[in-house]
Amino acid sequence: MAEVIVKVINKSGNELPAYATPQSAGMDLRAHLETAVTMQPMERTLVPTGLFMELPVGYEAQVRPRSGLALKQGLTLLNTPGTIDADYRGEIKVLLINLSNEPQTIQPGDRIAQMIIAPYIQAVMEPVEILSDTERGSGGFGHTGKS
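Residues numbered from 1 in each chain as written. Predicted model: local features only at pLDDT ≥ 70, side-chain atom pairs only at ≥ 80, totals over all residues. Heavy atoms only, no water.

Undergrad: An account of the packing of aromatic side chains is requested, with residue identities and associated values reported.
TA: Applying the stated criterion across every chain, the model contains zero aromatic pairs. The ring of Phe52 has Lys11 sitting right over it, with the charged end atom 4.9 Å from the ring centre. (Phe/Tyr/Trp six-rings, centres within 6.5 Å; stacked < 30°, edge-to-face > 60°. Lys NZ or Arg CZ within 6 Å of the ring centre and 35° of its normal.)

Undergrad: Residue-level account of the environment of Ala31, with values.
TA: When you line up the elements, Ala31 lands in the loop between strand S2 (27-30) and strand S3 (37-39). For Ala31, a relative accessible area of 1% corresponds to the buried category. In sequence terms Ala31 and Gly13 are 18 residues apart; their C-alpha atoms lie 10.0 Å from each other. For Ala31, the residues in contact, after removing those within four places along its chain, are Asn14, Val47, Pro48, Ile106, Gln107, Pro108, Gly109, Asp110 and Ile112. (Helix = DSSP H or I, 4+ residues; strand = E, 2+ residues; numbered from the N terminus. Buried < 20%, exposed > 50% of the residue type's maximum accessible area, 1.4 Å probe, protein only. Contact = heavy atoms within 4.5 Å.)

Undergrad: Explain the sheet that holds S2 residue by residue, including any values.
TA: Sheet strands pair via backbone hydrogen bonds, and the direction of the pair is either parallel or antiparallel. Across the sheet, which stays open at both edges, the four strands sit in the order S2-S10-S5-S7 with antiparallel pairing between neighbours. The open sheet is flanked by S2 and strand S7 (82-84), the only strands paired with a single partner. For this sheet, the mean angle separating the axes of adjacent strands, direction not counted, is 35 degrees. Judged from the six bridges that link them, strand S5 (residues 59-64) and strand S10 (residues 111-119) form a sheet pairing that is antiparallel. (Pairing = 2+ DSSP bridges. Axes fitted to C-alpha atoms, helices over the stretch in contact; angles between N-to-C directions.)

Here it is as C-alpha coordinates:
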(Lines give C-alpha, C1' and ligand atoms only; values in the text may rest on other atoms or scores of the structure.)
Protein backbone atom coordinates (compact mmCIF):
# COMPACT_ATOMS: atom_id res chain seq x y z
CA MET A 1 0.00 0.00 0.00
CA ALA A 2 1.41 3.37 -1.03
CA GLU A 3 1.77 6.21 1.45
CA VAL A 4 1.81 9.92 0.71
CA ILE A 5 2.60 12.84 2.98
CA VAL A 6 -0.22 15.37 3.40
CA LYS A 7 0.72 18.58 5.20
CA VAL A 8 -2.02 19.72 7.60
CA ILE A 9 -2.71 22.81 9.69
CA ASN A 10 -5.21 21.98 12.46
CA LYS A 11 -6.93 25.08 13.89
CA SER A 12 -9.49 22.97 15.76
CA GLY A 13 -9.14 21.26 19.10
CA ASN A 14 -9.98 17.95 17.41
CA GLU A 15 -7.49 15.21 16.68
CA LEU A 16 -6.13 14.96 13.15
CA PRO A 17 -8.02 12.67 10.76
CA ALA A 18 -6.73 9.11 11.09
CA TYR A 19 -7.58 5.65 9.81
CA ALA A 20 -9.68 3.67 12.31
CA THR A 21 -8.40 0.26 11.16
CA PRO A 22 -5.39 -0.95 9.16
CA GLN A 23 -7.49 -1.41 6.00
CA SER A 24 -9.68 1.69 6.30
CA ALA A 25 -9.86 3.76 3.10
CA GLY A 26 -11.35 6.83 4.76
CA MET A 27 -10.46 9.08 7.67
CA ASP A 28 -13.19 10.76 9.72
CA LEU A 29 -13.58 14.54 9.59
CA ARG A 30 -14.88 16.24 12.73
CA ALA A 31 -16.99 19.36 13.24
CA HIS A 32 -15.05 22.43 14.38
CA LEU A 33 -17.84 24.30 16.14
CA GLU A 34 -17.97 26.69 19.11
CA THR A 35 -21.46 25.45 20.04
CA ALA A 36 -23.83 22.75 18.84
CA VAL A 37 -25.75 23.34 15.61
CA THR A 38 -29.29 22.04 15.19
CA MET A 39 -30.46 21.40 11.64
CA GLN A 40 -34.15 21.34 10.79
CA PRO A 41 -35.55 18.79 8.30
CA MET A 42 -34.30 19.53 4.74
CA GLU A 43 -31.95 22.23 6.08
CA ARG A 44 -28.40 22.33 4.78
CA THR A 45 -25.40 23.87 6.46
CA LEU A 46 -21.69 24.25 5.83
CA VAL A 47 -19.76 22.79 8.78
CA PRO A 48 -16.13 23.84 9.26
CA THR A 49 -13.45 21.31 10.24
CA GLY A 50 -10.61 23.67 11.18
CA LEU A 51 -8.34 21.74 8.81
CA PHE A 52 -6.19 23.19 6.02
CA MET A 53 -4.19 20.82 3.79
CA GLU A 54 -1.47 20.71 1.20
CA LEU A 55 -1.97 17.64 -0.95
CA PRO A 56 0.82 16.34 -3.17
CA VAL A 57 0.52 17.11 -6.89
CA GLY A 58 -1.43 14.33 -8.58
CA TYR A 59 -3.67 13.68 -5.54
CA GLU A 60 -7.12 14.79 -4.47
CA ALA A 61 -9.13 14.41 -1.28
CA GLN A 62 -12.69 13.17 -1.63
CA VAL A 63 -15.20 14.06 1.10
CA ARG A 64 -17.94 11.45 1.44
CA PRO A 65 -20.88 10.74 3.77
CA ARG A 66 -20.54 8.58 6.86
CA SER A 67 -22.94 5.64 6.54
CA GLY A 68 -23.82 5.54 10.25
CA LEU A 69 -24.70 9.24 10.32
CA ALA A 70 -26.97 8.79 7.30
CA LEU A 71 -28.66 5.68 8.73
CA LYS A 72 -29.10 6.83 12.33
CA GLN A 73 -29.74 10.56 11.89
CA GLY A 74 -30.61 11.10 8.23
CA LEU A 75 -27.62 13.43 7.79
CA THR A 76 -25.68 13.18 4.56
CA LEU A 77 -23.61 15.32 2.22
CA LEU A 78 -24.57 17.37 -0.79
CA ASN A 79 -22.27 17.44 -3.84
CA THR A 80 -20.81 14.13 -2.82
CA PRO A 81 -18.15 13.16 -3.27
CA GLY A 82 -16.77 16.64 -2.73
CA THR A 83 -13.36 17.09 -4.31
CA ILE A 84 -10.50 18.97 -2.67
CA ASP A 85 -7.91 19.80 -5.30
CA ALA A 86 -4.17 19.70 -4.66
CA ASP A 87 -3.88 23.47 -5.13
CA TYR A 88 -6.67 24.38 -2.65
CA ARG A 89 -5.39 25.89 0.59
CA GLY A 90 -8.62 27.03 2.27
CA GLU A 91 -10.39 25.40 5.20
CA ILE A 92 -12.06 22.06 4.56
CA LYS A 93 -15.79 22.44 5.10
CA VAL A 94 -18.53 19.83 4.85
CA LEU A 95 -21.92 20.58 3.26
CA LEU A 96 -24.45 18.60 5.33
CA ILE A 97 -28.18 18.18 4.76
CA ASN A 98 -30.76 16.82 7.17
CA LEU A 99 -32.95 14.40 5.20
CA SER A 100 -34.77 13.16 8.31
CA ASN A 101 -38.19 14.33 9.49
CA GLU A 102 -36.79 15.62 12.79
CA PRO A 103 -34.28 18.26 13.89
CA GLN A 104 -30.75 16.83 14.19
CA THR A 105 -27.98 18.31 16.33
CA ILE A 106 -24.28 18.35 15.49
CA GLN A 107 -22.01 18.72 18.51
CA PRO A 108 -18.49 20.17 18.46
CA GLY A 109 -16.10 17.33 17.58
CA ASP A 110 -18.76 15.07 16.05
CA ARG A 111 -17.60 12.90 13.15
CA ILE A 112 -19.46 14.39 10.17
CA ALA A 113 -17.85 12.94 7.03
CA GLN A 114 -15.03 10.77 5.80
CA MET A 115 -12.12 11.77 3.61
CA ILE A 116 -10.33 9.62 1.04
CA ILE A 117 -6.93 10.59 -0.42
CA ALA A 118 -6.61 9.32 -4.00
CA PRO A 119 -4.44 9.81 -7.09
CA TYR A 120 -6.05 11.21 -10.20
CA ILE A 121 -5.31 11.45 -13.91
CA GLN A 122 -5.91 14.54 -16.01
CA ALA A 123 -7.41 13.76 -19.43
CA VAL A 124 -6.65 15.46 -22.71
CA MET A 125 -9.86 16.07 -24.68
CA GLU A 126 -9.51 15.24 -28.37
CA PRO A 127 -12.18 16.67 -30.67
CA VAL A 128 -13.41 14.13 -33.25
CA GLU A 129 -16.34 13.84 -35.68
CA ILE A 130 -17.23 10.17 -35.09
CA LEU A 131 -17.05 7.80 -32.10
CA SER A 132 -16.52 4.05 -32.38
CA ASP A 133 -19.60 1.78 -32.29
CA THR A 134 -20.34 -0.47 -29.30
CA GLU A 135 -23.07 -2.98 -28.49
CA ARG A 136 -24.50 -0.53 -25.93
CA GLY A 137 -24.39 2.48 -28.21
CA SER A 138 -26.20 5.47 -26.73
CA GLY A 139 -28.33 3.42 -24.29
CA GLY A 140 -28.44 5.37 -21.03
CA PHE A 141 -30.51 5.51 -17.87
CA GLY A 142 -32.41 2.25 -17.38
CA HIS A 143 -31.72 0.93 -20.86
CA THR A 144 -30.94 -2.61 -19.62
CA GLY A 145 -34.25 -3.04 -17.73
CA LYS A 146 -35.02 -3.73 -14.06
CA SER A 147 -33.28 -7.06 -13.52
